[in-house]
Amino acid sequence: MPKPRFQQAAVLIYLAWLFPFTAVAAAPRPDNSDSGLLSRVQHAESMKSGGFYQEAISAFKEVIELARRPGNKDVAWSARFSLGFLYWNIGQIDDSETLFQAAFEAAADSMRSDAFEISRDALMTVRTYQQARTDYNRDDLAAARTGFKEGIRMAEALNFPEFQVKFLRQLGMVSWAESRYPEFHDLNQRALAVARALNHNLEISRCLNNIGLYFWKIDEYEQALAAYEESLRLAQDTSNMRTEADGLHNISMIYIELGYFDRAIDYATRSLELEIALGNTGNLAIEYSNIGTIYRRLSQWTENPDDSDKALAYFAKGLDFARASGSQIQETILLNNIATVLSDLKKFGEAKARLLEALAIAEELRDRENLGTIHTNLGIVHYHLGRLEESTRFYQKAIDIALEFQSGKILWEAYLELGNALAGQDKFEEAAENYRRSIAVIEDIRSSINIEEHKAGFIGTDKRLDAYHRLIALLARLHNTHPNGTHAGEAFQILERAKARAFLDSLEVSDVTLSHGPSIQQANREKELAREISAVYTAMLAPELSWEHSQQLINRLDELEDDLKALMREIREQNPAYADLKYPKTLTIKEARRFLPRRNTVYLSFSIGREESWAFALGPSSLKIYPLPSRQVLQNLVFEHRKAVSDRDNRDFSAGARLYRELVEPGLPAGVANIVVVPDDVLHLLPFETLRTGDNPEAWLIEKAAVSYVPSLSVLHQIRERRRANSRFNKDLLAVGDPDYGENSEVEDSDILDDARAILPFPSSFARLRYSRRETERISALFRPDRTDTVLGPDATESAVKSAPLSEYRIIHFAAHGVIDDKKPGRSSIILTINDDASEDGFLQMREIFNLRMNAELVVLSACKTGLGRFIRGEGIEGLARAFFYSGASSVVMSLWAVNDEATSLLMERFYLHLRSSRTLAGALRTAKLEMIRSETANHPYYWAGFILTGKSDTTPFANPWRLSAVILVSLLAGVIALVVLGKRARRHTLRTVPHRPSAPHT
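Definitions and cut-offs
- Residues numbered from 1 in each chain as written.
- Predicted model: local features only at pLDDT ≥ 70, side-chain atom pairs only at ≥ 80, totals over all residues.
- Heavy atoms only, no water.
- Helix = DSSP H or I, 4+ residues; strand = E, 2+ residues; numbered from the N terminus.
- Contact = heavy atoms within 4.5 Å.
- Areas by Shrake-Rupley, 256 points an atom, 1.4 Å probe, with all protein chains shown as cover.
- Axes fitted to C-alpha atoms, helices over the stretch in contact; angles between N-to-C directions.
- Parallel < 35°, antiparallel > 145°, perpendicular 65-115°, else oblique.
- Left-handed = near helix turned anticlockwise from the far one by under 90°.
- Nonpolar A, V, L, I, M, F, W, Y, C, P; charged D, E, K, R; others polar.
- Phe/Tyr/Trp six-rings, centres within 6.5 Å; stacked < 30°, edge-to-face > 60°.
- Buried < 20%, exposed > 50% of the residue type's maximum accessible area, 1.4 Å probe, protein only.
- Lys NZ or Arg CZ within 6 Å of the ring centre and 35° of its normal.
- Core = buried A, V, L, I, M, F, W, Y, C linked by side-chain atoms within 4.5 Å.
- Pairing = 2+ DSSP bridges.
- Salt bridge = Lys/Arg side-chain N within 4 Å of Asp/Glu carboxyl O.
- Expected span 1.5 Å × (residues − 1).
- Arc of directions from axis to C-beta.
- Polar contact = N/O pair within 3.5 Å; in protein donor to acceptor, adjacent residues only side chain to side chain.
- pLDDT = per-residue confidence, 0-100.

(A) The overall build of the chain, seen in detail. Secondary structure assignment for the chain yields 41 helices and 16 strands. Restricting to contacts in the chain with at least 6 residues of sequence separation, those with at least 24 account for 71%. Carbon and sulfur atoms provide 51% of the accessible area of the chain, an area that totals close to 40800 Å².

What follows is the structure, given as structure tokens:
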């Protein structure tokens, strides 16, 4: 039996007013019956409560049309009222006011007793907002604050949360303009909570963007990035170009600070494209300024003048837009930025003129933050003009301004530059104190970053590292003039603090990860992302791939890697074990001497600064500090020597002889048997064992002593401590070699890098390493079968490695191709068997190696260039070796260049043979290299110098000598024969008497 009409009307009003969350399977049919109107209201309310505002607007407009029949005035009033909120929610405030006005006028016809009152109150609330916005735009912040606070009171009294969100957020903008940053953060947090309750994704996105802005302001870059990324995703989901452009821009700024310039350019370019589409002239000025900043930072890092030219061009274009839009703040910023590039180009007069223009505008605007930056830059210009006392006054003014609102971005640089100015005036103690203050600010910011690679980029890709190098140089000079003081000890500790700090942190994190892993949900999400990434890599291996498809795959890979990094950040933030983590301190000189292993060992640690470079030679009872040539001179010598030692036809090693005299000889005590090198800057690319110690053709440094490498002595100490806690092994060796590349095997003389594949992170086909199987089999033969696992050919899969009990093996050996990505190190890989495994792609990537758990005393990467990767000043090479250290390895053998396949096989066989004969890791590798040096035909460094040992090199894996069995005798004989054969091949190649195709390198 149908209900009376007044009951149906009551139901409609109830549904419209209480905003039910009832889900609707499908949109109702458009009829004019009461049931059709009821369905429309239900659908409209469902869309509204679900956050689908545009769909809800369309549905309520239909309700108004359907409600024109007599008896439906309450429904029409309710629909107008709801439309008012919907237009408010999407930011069309004028339309919202119009709808509330219409609801107010229609309230008299409504059956609701309070319709008039609530319509009036809603209308007054909107008008209060409009007035407060007008006050804000006129820079009448006091009136705007009063208006927004009144709006919040009204919204709370009326219990209209939609009003609350916007008023809270807008009051936050007043707080921002007044530099009340904690209040800005709190207001946006309150607004965010209300927006989440409303499922208001657009406001959630805006609040998150503002929260990210707060964290950026207080130098909490990791938290800022997390907020920005979530904001961006929601902005894209709601198709809000304005908030999306803001999110892209803000993320690019974080990546600038973290030193990821390629990513920063990507995000900034996408933001610029959206701003062009939106046509906002003022924001175009911001975007051009942002991109110019990226290129300016690149020019400082790469020293490429083209980047400086690009920076100037972008800044000039931004300045035009700033002036066209009348944005004096942006004009100030761009004038300052143009001056920075002019200063880089040593055009100090022009730079000063631009800075004075910027200063005048900033003082008129009372823009304190920009005033701080401008004063710092004026100090730099006056410093270069030789006006040191005047520059000091500018720096102090910048510091005073920055201290008002604790701006670390200004403080660290102002302290650094003030130290430089004071040092130039021979005020050394005051200079040192300012360098220490600069370092303290830098490390305070760094401590808030919880992703190790971000820590590395933050320190290494700006001039922040200069604070460390300047203080080291100053203390070194003071030590040499006052050798009995405390300067040497402090210089050493600052040197340790400047080296591989992110690497040191990662070793501590790896221990926490073992015992406090992610939650089940997070672990499952990580596995899901890993599978998706593998699927993308598998798709990239397809034989026919268009350029468009390649680009799509690269974009998808970027998205998945971003999601994986966000998940890692979430795991770190939510797990109290990470929050409570106390990162290990760097060693003092006394602590370093305490764990020095032998009297005949010397540690050579280097500090390569922009202005001055120094070497530290540390022995058990001695420390010698001596100056080095300039960074540019060392760079030229290293590149010349690397070219010499990797060219089989070269016999001129004069650059290596000079490097020995400058880098090693002053710090080398008599009778030293082991040299442990702690490289810096370009020295990471230098195989020290190839340095010439004299005019004798056989006088290589390796003949004087065993040579190994460590990222820092603090890292070595951490590895030693970890080794003590894990020293038992069930097996001696896991050897993986001769992977099967199947359809992806390289065809003779094929050109595998067409236009479509040139953008991919790896080649699509790989040449089989002919000596890889022999190398693996002969190495395995030196060990007891029951303590050895050998995986070859089709069985050498990624799944086989991941599923193996890696923590049980003393040594893990890979003889395969390697691919190094120096822009995105996480993609660097060991290429294993490529087959039809749907779950794995065959690329054992650096990001996956981090998740392995091993306990190996040694990992050998018998592949090409495995010692290379992304270079970061102060941090070193971010590559595969670090991933294995993180996973539990104590030392790694890796390569510095493309090594001949056959020579690699021979070197590895000899290395393992001597390892089994109770040699240390460093001693075994040295002996193997000496055998090749003393052969008649394989003595060129090209054959023996490519592989180096890093980590805990004094380990003796097989300390108990065992009898020289037939296996060893056969191996010795085979080695002699192999050297002869290799030599003959080398001679044929050198004389060019017989056409010869060289063995495929480990790529």
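(B) Inspection of the packing of helix 8 (residues 161–177) against helix 10 (residues 201–217) at higher detail. Close contact between helix 8 and helix 10 brings their axes to 11 Å; oriented N to C, the two are set at 25 degrees. Considering the angle they form, helix 8 stands roughly parallel to helix 10. Where helix 8 crosses over helix 10, the handedness of that crossing is left-handed. Together, Val165, Lys166, Arg169, Met173 and Trp176 of helix 8 and Glu203, Arg206, Cys207, Asn210, Leu213, Tyr214 and Lys217 of helix 10 make up the contact between the two elements. Tallied by class, the residues present in the contact of helix 8 with helix 10 amount to 6 nonpolar, 1 polar and 5 charged.

(C) Region of the structure containing the packing of aromatic side chains. Counting across every chain of the model gives 35 aromatic pairs. Taking the centre distance of 5.4 Å and the plane angle of 75 degrees together, the rings of Phe81 and Phe85 count as edge-to-face. Pair noted here: Phe81 and Phe85 are both in helix 4 (residues 73–89), with a separation of 4 residues, about one helical turn. Under the relative-accessibility criterion, Phe81 is labelled buried at 1%. Put simply, the rings of Phe81, Phe85, Trp88, Phe100, Tyr129, Phe148, Phe160, Phe163 and Phe167 pair up and form one aromatic cluster. Across the ring face of Trp88, the terminal group of Lys166 is positioned such that the distance to the ring centre comes to 5.6 Å. Over the face of the ring belonging to Trp700 we find Arg692, whose NZ or CZ atom lies 4.1 Å from the ring centre.

(D) A look at the nonpolar core. Phe81, Phe148, Phe163 and Leu713 are the most contacted members of the largest nonpolar core, which has 153 residues in total. The contact partners of Phe148, leaving out residues within four places of it in the chain, are Tyr129, Ala132, Arg133, Tyr136, Phe167, Gln170, Leu171 and Val174. One finds Ile533, Val645, Val664 and Leu896 within the second-largest nonpolar core, a separate group that totals 127 residues.

(E) Structural context of the environment of Gly460. Following the sequence through the fold, Gly460 ends up in helix 22 (residues 452–460). Spatially, the C-alpha atom of Gly460 lies 9.1 Å from that of Trp301, the residues being 159 residues apart in sequence.

(F) Geometry of the pairing of strand 5 (residues 706–709). Of the two faces of strand 5, both are covered, the one formed by Ala706 and Ser708 as well as the one formed by Val707 and Tyr709. Two elements, strand 4 (residues 674–678) and strand 5, share 4 bridges in a ladder whose sense is parallel. When the bridges of strand 5 are listed, Val677 appears paired with Tyr709.

(G) Here's a closer look at the pattern of salt bridges. A full pass over the atoms with the stated rule returns 59 salt bridges. Close ionic contact of Glu230 with Arg196 constitutes a salt bridge, the shortest N to O distance being 3.3 Å. With Glu230 in helix 11 (residues 221–237) and Arg196 in helix 9 (residues 181–198), this residue pair connects regions lying 34 residues apart in the sequence. On the basis of relative accessible area, Arg196 is assigned to the partly exposed category, the value being 40%. When the shortest N-O distance is used, the salt bridge between Asp681 and Arg631 registers 3.2 Å. Of this pair, Asp681 sits in the loop between strand 4 and helix 32 (701–704) while Arg631 sits in helix 30 (residues 631–645); the two residues are 50 residues apart in sequence, bridging distant segments of the chain. Here Arg631 falls in the buried class, since its relative accessible area comes to 15%. Connected via shared salt-bridge partners are Arg525, Glu528, Glu532, Arg556, Glu559 and Asp563.

(H) Representation of the environment of Leu411. Of note, Leu411 is situated in helix 20 (residues 408–424). In the structure, Leu411 is positioned 10 residues away from Ile401 in sequence and 9.2 Å away in space, judged by C-alpha atoms.

(I) Molecular detail of the pairing of strand 4. Counting buried residues in strand 4 gives 5 out of 5 residues, a clear majority hidden from the surface. Bridge count for strand 1 (residues 601–608) against strand 4 is 5 bridges, and the pairing is parallel. The residue of strand 4 that forms the bridge with Ser605 is Val678.

(J) Here's a closer look at the sheet that holds strand 11 (residues 843–845). Strand order across the open sheet formed by 3 strands is 9-10-11, with antiparallel pairing between neighbours. Two strands close off the open sheet at either side, each with one partner strand: strand 9 (817–819) and strand 11. Averaged over all neighbouring strand pairs, the angle between strand axes comes to 25 degrees, with direction disregarded. As paired elements, strand 10 (residues 829–831) and strand 11 share 3 bridges and run antiparallel to each other. Bridging from a neighbouring strand, Ser829 pairs with Gln845 of strand 11.

(K) How the structure looks around helix 3 (residues 53–66). Taking 1.5 Å of rise per residue, 14 residues should cover 20 Å, and helix 3 covers 20 Å from first to last C-alpha, within 8% of that figure. Among all positions in helix 3, only Tyr53, Ala56, Ile57, Ala59, Phe60, Val63, Ile64 and Leu66 are buried.

(L) Main features of the packing of helix 16 (residues 328–344) against helix 17 (residues 348–365). Viewed as axis vectors pointing N to C, helix 16 and helix 17 meet at an angle of 160 degrees, and their least axial separation amounts to 8 Å. Here helix 16 lies roughly antiparallel to helix 17, going by the angle between them. For the element pair helix 16 and helix 17, the recorded crossing hand is left-handed. Here Gln328, Ile329, Glu331, Thr332, Leu335, Asn336, Ile338, Ala339, Leu342 and Ser343 of helix 16 lie close against helix 17, whose contacting residues are Phe348, Glu350, Ala351, Arg354, Leu355, Glu357, Ala358, Ile361, Ala362, Glu364 and Leu365. When the residues that make up the contact of helix 16 with helix 17 are grouped by side-chain class, the tally is 12 nonpolar, 4 polar and 5 charged.

(M) Local environment of unusual backbone geometry. Here the phi dihedral of Asp219 falls at roughly 70 degrees; this positive angle occurs in a residue that is not glycine. Position of Asp219 among the secondary structure elements: in the loop between helix 10 and helix 11. Not every positive phi belongs to a glycine, and Asp426 is a case in point at roughly 65 degrees. With respect to the element layout, Asp426 can be found in the loop between helix 20 and helix 21 (428–446). Residue classification places Asp426 among the exposed positions, given a relative accessible area of 56%.

(N) Here's a closer look at helix 5 (residues 93–106). Over its 14 residues, helix 5 extends 20 Å from the first C-alpha to the last, a length consistent with the 20 Å expected when each residue adds 1.5 Å. Among the residues of helix 5, those classed as buried are Ile93, Ser96, Leu99, Phe100, Ala103 and Ala106. Down the axis of helix 5, the smallest arc covering the buried residues is 145 degrees, so these residues share one side. Turned more than 90 degrees from where helix 5 packs its buried face, Asp94 and Glu105 sit exposed.

(O) Geometry of the side chain of His375. The topology assignment puts His375 in helix 18 (residues 368–384). Of note is the side chain of His375, whose polar atom sits 2.7 Å from the backbone oxygen of Leu371.

(P) Quick look at the side chain of Arg263. As for its position among the elements, Arg263 is in helix 13 (residues 261–278). Looking at Arg263, the relative accessible area reads 11%, which means it is buried. A distance of 2.5 Å separates polar atoms of two side chains, one belonging to Arg263 and the other to Asp562. Among all residues touching Arg263, those that are not within four sequence positions of it are Tyr255, Asp558, Asp562 and Lys565.

(Q) Structural view of the confidence of the model for the chain. Averaged over all residues, the pLDDT of the chain is 82; the fraction at 70 or higher stands at 84%. Of all the helices and strands in the chain, helix 1 (residues 5–18) carries the lowest mean pLDDT, 37, while strand 2 (residues 613–618) carries the highest, 95. Segment residues 1–33: pLDDT under 50, and 48 contacts once partners within four positions in sequence are set aside and those in other chains are kept. Segment residues 984–1003 is flagged for pLDDT under 50; beyond a separation of four residues in sequence, or across chains, it makes 40 contacts in the model.

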